[in-house]
Amino acid sequence: MSDIRAIRGMNDILPRDIAYWQYLEKAVAAVLAGYGYSEIRLPIVEQTALFERSIGEVTDIVEKEMYTFADRNGDSLTLRPEGTAGCVRAAIQQGLLGSPQKLWYTGPMFRHERPQKGRQRQFHQVGVEALGIATPDMDAELILVCARLWRQLGLEDAVTLELNSIGSSAARRAFRESLVEYLRAREDALDEDSQRRLHSNPLRILDSKNAQTQALLDGAPSLEEFLDEEAREDFATLCSLLDAAGVAYRINRRLVRGLDYYNKTVFEWVTDALGAQGTVCAGGRYDGLVAQLGGRDTPAVGFAMGLERLVLLLQQFQPDLAPPGADVYVVALGDAAQRQALVSTEALRTRRAGLRIHAHSGGGSFKSQMKKADKSGAALALVWGDDEAASDTVTVKPLRGQGEQVTLALSELDTALDGLL
RNA sequence: GUGGCCGUAGCUCAUCAGGUAGAGCACCGGAUUGUGGCUCCGGAGGUGGGGGGUUCGAGACCCCUCGGCCACCCCA
């Protein structure tokens, strides 16, 4: 084994998995096109300050998970840990915000975490952002996009929607104080992690996995009580729109997000089929972010999907996606035959674009070439030997099911293929 | 960053109370010489993750290190 290896947590995606990725990517592009979203392509590297100012300086992502390095001139750069910040930056910088924008993007993201199932250091997201719309019909549409995609992918039974409103930053500040006050009085009963979060990020205690902590929270003040009238109304509107559209959801008053820029609506699509990393898609409103990054005050909502996690779900729920294969395998033995096969196969590819023709290379006996033909999954083998080369013919051999091989004139090949493919 | 389990042929694993490694699958070749799938025969393939230690002797025991999986944490 070579001593040069892939970086930990940065995985190769192999041919055997590509069918799932392409299936997913195609479905995503088609669904988003159906809602009028435009793709935008963004850099993988940005100024470090972009992420510090958007995600939040005291979040784990910024504090200990970013791949940050100095450029040759000393500037601090960072491999993007998520896509929203860069998308907003581009919208501001490129002057896109004169009118509302519905954007999506995809690509690798980087976070230095300990790898485990559904979590790697280089991973892929599709992000969808709607900039410039403040009303909850926008939130509803984004959720409908997700729901349609799950249906498209055959994953509608694999995921469920959790929904909450976390209100304005003022409401959260008031709630945070109240929550901290409540928990501080009971600090000894908190698990170790939550005690730490009490000082760093108290809201995250709400979705602690610790049972005792959760029990303690039953008596705690509720975020809902602190919501202002607008947040309440918008949330009610969103729920009624989802009801009307027939989208099922569960209101989870303890759902909070790990990135600082969210407000009002937050949601998560979760599954119990992936072990500990159950969130497959998540997002929410971030009305303050554009202004925070220097743009004109612009409301926004968005979400991101984790593609590795979705591929894992697809492999579980759609195990029969066909691996890439060939339709026709070309076998040739002998100099004249190989020449004839090459020319005829090229001509066939010109006439039949889309037909997947795997031409054998590397020599070998007819026997060994036929073995390869069989393993390729091709439905037919086209065989050229000395006889065919001398008589301008080709032998067509069906490899699946019944059917005898026939040798016919090259001019008859197309009609023969019509009958066999 | 923390913890548990694990690291033997390309893959899945076995062996061994420590004496210099095996199987299945995959791969290559053959079964009267221009043909696959089934069967049979044969072959190639491992410095046993890497380093150090204990021992007359270690893949097997100890330490370190790298890596993998899962969980915590975090989050998509």
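Residues numbered from 1 in each chain as written. Chains lettered and ligands numbered in written order. Predicted model: local features only at pLDDT ≥ 70, side-chain atom pairs only at ≥ 80, totals over all residues. Heavy atoms only, no water.

Engineer: Is there a simple way to think about the packing of aromatic side chains in this case?
Structural biologist: For any pair of aromatic rings, the description consists of the separation of the ring centres together with the inter-plane angle of the planes. Counted according to the given criterion, the structure contains five aromatic pairs. Measuring from ring centre to ring centre gives 5.7 Å for tryptophan 150 and tryptophan 269, while their planes differ by 75°; the resulting arrangement is edge-to-face. Residue tryptophan 150 is found in helix H5 (residues 136-153), and its partner tryptophan 269 is found in strand E9 (residues 263-270); the two are separated by 119 residues along the sequence. Judged by its relative accessible area of 1%, tryptophan 150 is buried. A relative accessible area of 4% places tryptophan 269 in the buried class. By the ring-pair criterion, three or more aromatic residues cluster together here, those being Tyr261, Tyr262 and Tyr286. Here the basic side chain of arginine 186 rests over the ring of tyrosine 182, its NZ or CZ set 3.8 Å away from the ring centre. (Phe/Tyr/Trp six-rings, centres within 6.5 Å; stacked < 30°, edge-to-face > 60°. Helix = DSSP H or I, 4+ residues; strand = E, 2+ residues; numbered from the N terminus. Buried < 20%, exposed > 50% of the residue type's maximum accessible area, 1.4 Å probe, protein only. Lys NZ or Arg CZ within 6 Å of the ring centre and 35° of its normal.)

Engineer: Can you walk me through the packing of helix H1 (residues 15-33) against H5 in this structure?
Structural biologist: The packing of two helices is summarised by the inter-axis angle and the distance between the axes. It is at 10 Å that the axes of H1 and H5 come closest, and there the two elements cross at 140°. Judged by the angle between their axes, H1 and H5 are oblique. Here H1 runs over H5; the crossing is right-handed. Facing H1, whose interface residues are Tyr23, Leu24, Ala27, Val28, Val31 and Leu32, H5 presents Val145, Arg148, Leu149, Gln152 and Leu153. A breakdown of the residues in the contact of H1 with H5 according to their chemical character gives nine nonpolar, one polar and one charged. (Axes fitted to C-alpha atoms, helices over the stretch in contact; angles between N-to-C directions. Parallel < 35°, antiparallel > 145°, perpendicular 65-115°, else oblique. Left-handed = near helix turned anticlockwise from the far one by under 90°. Contact = heavy atoms within 4.5 Å. Nonpolar A, V, L, I, M, F, W, Y, C, P; charged D, E, K, R; others polar.)

Engineer: Can you help me understand empty space enclosed by the protein in this one?
Structural biologist: One way to see where empty space is left: roll a probe the size of a water molecule over the atoms. Evaluated as defined, the whole model comprises two cavities of 30 Å³ or more. The space that makes up the largest cavity amounts to roughly 40 Å³. Lining the largest cavity are Val28, Val31, Leu32, Val145, Cys146, Leu149, Phe303 and Met305. When residues of the lining of the largest cavity are traced back to their parent elements, those giving at least two are H1, H5 and strand E11 (300-306). Split into classes, the residues belonging to the lining of the largest cavity amount to eight nonpolar, no polar and no charged. If you add up the space inside the second largest cavity, you get close to 30 Å³. Around the second largest cavity, the lining residues are Pro43, Glu46, Phe51, Arg80, Glu82, Gly83 and Gly86. Per-class residue counts for the lining of the second largest cavity are two nonpolar, two polar and three charged. (1 Å grid on protein atoms, 1.4 Å probe; cavity = no way out; pocket = protein on both sides within 12 Å on 5 of 7 lines; lining within 4 Å. Points joined across faces, edges and corners; volume = space filled by probe spheres on them.)

Engineer: It is not clear to me how the side chain of histidine 124 should be interpreted in this structure. Could you clarify?
Structural biologist: Topologically, histidine 124 is positioned in strand E6 (residues 122-131). Not counting chain neighbours up to four residues away, the residues in contact with histidine 124 comprise Ile13, Trp21, Gly107, Pro108, Met305, Gly306, Leu307 and Glu308.

Engineer: What exactly am I supposed to notice about the pairing of E11 here?
Structural biologist: It is a general feature of regular strands that their side chains alternate between the two faces of the sheet. Summarising burial for E11: seven of the seven residues are buried, a large majority. Covered by surrounding structure in E11 are Ala300, Gly302, Ala304 and Gly306 together with Val301, Phe303 and Met305, the residues of both alternating faces. Across seven bridges, the pairing between E6 and E11 is antiparallel. Note that in E11 the partner of valine 126 across the bridge is methionine 305. Here strand E10 (residues 279-285) pairs with E11 via five bridges, running antiparallel. Each residue of the ladder has a partner; that of glycine 283, found in E11, is phenylalanine 303. (Pairing = 2+ DSSP bridges.)

Engineer: Would you mind showing me how to read unusual backbone geometry here?
Structural biologist: Peptide bonds are, in most cases, trans, and in most cases residues other than glycine have a negative phi. Its identity is not glycine, yet lysine 264 carries a phi of approximately 50°, on the positive side. With respect to the secondary-structure elements, lysine 264 resides in strand E9. When its relative accessible area of 9% is taken as the criterion, lysine 264 is described as buried. The backbone of aspartate 392 sits at a positive phi, close to 55°, despite the residue not being glycine. Note on aspartate 392: relative accessible area 46%, which makes it partly exposed.

Engineer: Mind showing me how you'd approach helix H12 (residues 335-351) here?
Structural biologist: In an α-helix, one turn spans 3.6 residues, which is why side chains three or four residues apart end up on the same side. The first and last C-alpha atoms of H12 sit 25 Å apart over 17 residues, in line with the 24 Å expected at 1.5 Å per residue. By the burial criterion, the buried members of H12 are Ala337, Gln340, Ala341, Ser344, Thr345 and Leu348. Down the axis of H12, the buried set is contained in an arc of 130°. They therefore lie on one face. Residues of H12 that are exposed and angled more than 90 degrees away from the buried face: Asp335, Arg339, Leu342, Val343 and Thr350. Elements in contact with the buried residues of H12: strand E12 (328-332), strand E13 (357-359), strand E14 (380-384), helix H14 (386-391) and helix H15 (413-420). (Expected span 1.5 Å × (residues − 1). Arc of directions from axis to C-beta.)

Engineer: Please clarify how the sheet that holds strand E2 (residues 45-47) should be interpreted in this entry.
Structural biologist: Each strand in a sheet pairs with its neighbour through backbone hydrogen bonds, running either in the same direction (parallel) or in the opposite one (antiparallel). Pairing in this open sheet of three strands is antiparallel, and the strands run E2-E4-E3 from one edge to the other. A single partner strand is all that each edge strand has here, and the edge strands are E2 and strand E3 (67-70). Across this sheet, the average inter-strand angle for adjacent strands is 35°, counted without regard to direction.

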